[in-house]
Amino acid sequence: MTKNLKRLDLIFKNEGDSEAILGKTLARSNEELISDLIASGLKGRGGAGFPTGLKWRLAADDKADEKFIICNADEGEPGTFKDREILTSVPHKVLAGMAVCARIINCRQGFIYLRQEYTYLVPHLNNAIEEFHQLMKKFEVDFQVEIFMGSGAYICGEETALFESMEGKRGEPRNKPPYPTNFGYKGKPTVINNVETLAHTYSIFKYGPEKFRDLGVKDSRGSKVFSVSGDTPIPGIYELEFGMTLQKFVDDFGDGDAKAVQVGGAAGFCVPRKRFEKTIIGYQGKLTGVSLPTGGSMMIFNSSRSMYNVLHNYLDFFVEESCGQCTPCRVGTQQLLMGIQAVKRGERPSTYLDKLLGLAEVMRVTAKCGLGQSVANSFSSIVENFKEEMIY
Amino acid sequence: MSPIQEIIQKVSASHGTERESLLPILQAIYAKNHILTEEDMIEVARELDISAAHVYGTATFYSFLETQQSGKYIIRLCRTITCMMHGKNIILQELERLLKIKPGQTTPDGIFTLTETNCLGQCHKGPAMLVNDTPHTDLTPESIREIIDKYRREALQ
């Protein structure tokens, strides 16, 4: 089942009633609120797609006396800029989502982990937080939010690397399990949600789970904010309903000559023109579902683009951003880059690409975190679909 | 009290003296001096009561912290895919011509450092760059000249 492309305005709509909505929501019971979230079908908008209601329930079930809620604003995936816009336009919705979560899981301290590239947003965000703290006082809720600045590391968008970074360490991902809902920041139960996810929880509490659930298709409910860039006459941020085909997306946003779309950023998949019609945007197709720190990146390439250059750029990115902790990722990313260069120069036969595809699969299975595992997504989808461009 | 100790005290007043304060402290020192020296890192290690090797390990992990001297204005030009597609190389050439340095270098007068960086989250307005904390987008060779002139004037005043 597919849907027509539908533009929505839920996230960015500002009706000035957030205080009333928050008050009404906080008056309801924890169990009701979690049931609403689960019924809505909301999944994490950072890319991994974990059901948000379940995450909150797991943290609520842990009886530790200290817990944390963290808003992940380390938006580092190439081609993604929607969280920046959400924090600029509607920070109060994100903060309201954090407050409700805090009440449900029983925590007093929240953080916004903001990437350093967005330092210029800090004064604006601090104003919003100041207003929010006044509101918390008014509702007699003991909950504070602080901004924690990142320092330029893509990997810190991975939740456990983010905790390490906040603890003053190198941003190297931990082994999972234990999961953050039991063992997160400082070893305490922690809910970590993407900026957009928290903003969606506000909409769900405002409009009810049915309205959210009516949008989208079976496993992908609701709307999603997409960051559209590349060869498009109208780059920007668009809230669209889940379930459209890539063809419909390209018809609306492409420049008429799109040969491929990269869905989900450098960690996502490259879809060639011949598969536009069959590709549906949503979690079940694992299309926006695998990208590591941030979902919703849509980069359009037209026929003037060399896909070799695109892949080269992604691999440069991964080589630099690999944290270096595990060998498959540290060495694998470098070998993939050197490998495609060698094939291009004619130093290796074209069959060497098959070996590289094998290496990418090994990385998918053996790398410690999502970064190393998802290099294979873009690598395999570009090499397999544009083999001739890799060789000649 | 040394200037570094003052920064440490100021940050730990709001963040505490646990290791969780390490990144904010390093960020504050770097924002002021545009370098993290060995002496700074040893001092931070002593104040937080952790090993200097841990401080060094953290400091060198992050791309926005450097252990060598950067200029007053750090230019970070985005080199990721969409900025590259929209003419990042022309902007880089123009920056190199204007500043007479290559990426990774600092002008002899200590005003500008030029580096390339990964995605800045301004993909719909590429090419983009940061000058210290300020983003500049939709760059053209002409706008680059004006931007550089503006910062140079500021530095010389």
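Residues numbered from 1 in each chain as written. Chains lettered and ligands numbered in written order. Predicted model: local features only at pLDDT ≥ 70, side-chain atom pairs only at ≥ 80, totals over all residues. Heavy atoms only, no water.

This next bit is on unusual backbone geometry. As a rule of thumb, non-glycine residues mostly have phi less than zero, and peptide bonds are mostly trans rather than cis. Residues and elements named next belong to chain A. Here the residue pair P177 and P178 is connected by a cis peptide bond, since its omega of 5 degrees sits within 30 degrees of zero. A positive phi angle, near 55 degrees, is found at K186, a position not held by glycine. Tracing the sequence through the fold places K186 in the loop between helix 7 (159-166) and strand 4 (190-194). (Helix = DSSP H or I, 4+ residues; strand = E, 2+ residues; numbered from the N terminus.)

A few words now on the environment of A:G236. Of note, A:G236 is situated in strand 8 (residues 236-241). The contacts of A:G236, once residues within four sequence positions are left out, are A:F81, A:F226, A:S227, A:V228 and B:H124. (Contact = heavy atoms within 4.5 Å.)

Residues and elements named next belong to chain A. A rise of 1.5 Å per residue sets the reference length of helix 6 (residues 122-138), with its 17 residues, at 24 Å; its end C-alpha atoms lie 24 Å apart and thus fit the reference within 8%. Inspection of helix 6 places V122, L125, A128, I129, F132, H133, L135 and M136 among the buried residues, and these make up the whole buried set. Buried residues of helix 6 fall within an arc of 160 degrees about the axis and therefore sit on the same side. Projecting away from the buried face of helix 6 at angles above 90 degrees are the exposed residues P123, N127, E131, K137 and K138. (Expected span 1.5 Å × (residues − 1). Buried < 20%, exposed > 50% of the residue type's maximum accessible area, 1.4 Å probe, protein only. Arc of directions from axis to C-beta.)

All names here are of chain A. The four strands lie next to each other as 3-2-1-4, forming an open sheet whose pairing is parallel. Edge positions in the sheet fall to strand 3 (144-149) and strand 4, since each of these pairs with one other strand and no more. Within this sheet the neighbouring strands show an average axis-to-axis angle of 20 degrees, counted without direction. Of the pairings in the sheet, the one linking strand 1 (residues 68-73) to strand 2 (residues 109-114) comprises six bridges and is parallel in character. Along strand 2, the bridge assignment pairs F68 with Q109. (Pairing = 2+ DSSP bridges. Axes fitted to C-alpha atoms, helices over the stretch in contact; angles between N-to-C directions.)

Tallied over the full model, the rule gives 32 salt bridges over all chains. Among the ionic pairs, A:R170 bridges to A:E172, the shortest N-O distance being 3.2 Å. Residue B:R79 is joined to A:E320 by a salt bridge in which the shortest nitrogen-to-oxygen separation is 2.6 Å. With B:R79 in the loop between strand 1 (73-78) and helix 5 (81-85) and A:E320 in helix 11 (residues 307-321), this residue pair bridges two chains. Judged by relative accessible area, which is 22%, B:R79 ranks as partly exposed. Ionic contacts of the salt-bridge type, sharing partners, join the residues A:R45, A:K82, A:D83, A:E196 and A:K224 into one network. (Salt bridge = Lys/Arg side-chain N within 4 Å of Asp/Glu carboxyl O.)

This part takes up the confidence of the model for chain B. Close inspection of predicted coordinates is inappropriate in any region flagged by low pLDDT. Residues and elements named next belong to chain B. When the pLDDT values of chain B are averaged, the result is 95; 100% of them are 70 or greater. Mean pLDDT across the elements of chain B ranges from a minimum in helix 1 (residues 3-15), with 89, to a maximum in strand 1, with 98. For this predicted complex, the interface score ipTM comes out at 0.96, alongside a pTM of 0.95. (pLDDT = per-residue confidence, 0-100.)

Further remarks concern the environment of A:P123. Looking at the element boundaries, A:P123 is found in helix 6. C-alpha separation for the pair A:P123 and A:N4, spaced 119 residues apart in sequence, amounts to 40 Å.

The UniProt feature table records "binding site: [2Fe-2S] cluster" (unreviewed entry) at B:C78, B:C83, B:C119 and B:C123. For the residues just named, distributed over 46 residues, the greatest C-alpha separation is only 9.2 Å, placing them together at one site. Positionally, B:C83 belongs in helix 5. B:C83 has contacts with B:C78, B:K88, B:G126, B:P127 and B:A128, leaving out every residue within four places of it along the chain. Mapped onto the fold, B:C119 is located in the loop between strand 2 (112-117) and strand 3 (129-131). Given the relative accessible area of 3%, B:C119 is considered buried. Not counting residues up to four positions away in its chain, the partners in contact with B:C119 are A:G76, A:E77, A:P78, A:G79, A:R115, A:E117, B:C78 and B:T80. (UniProt positions renumbered as here; feature names shortened; annotations may be inferred.)

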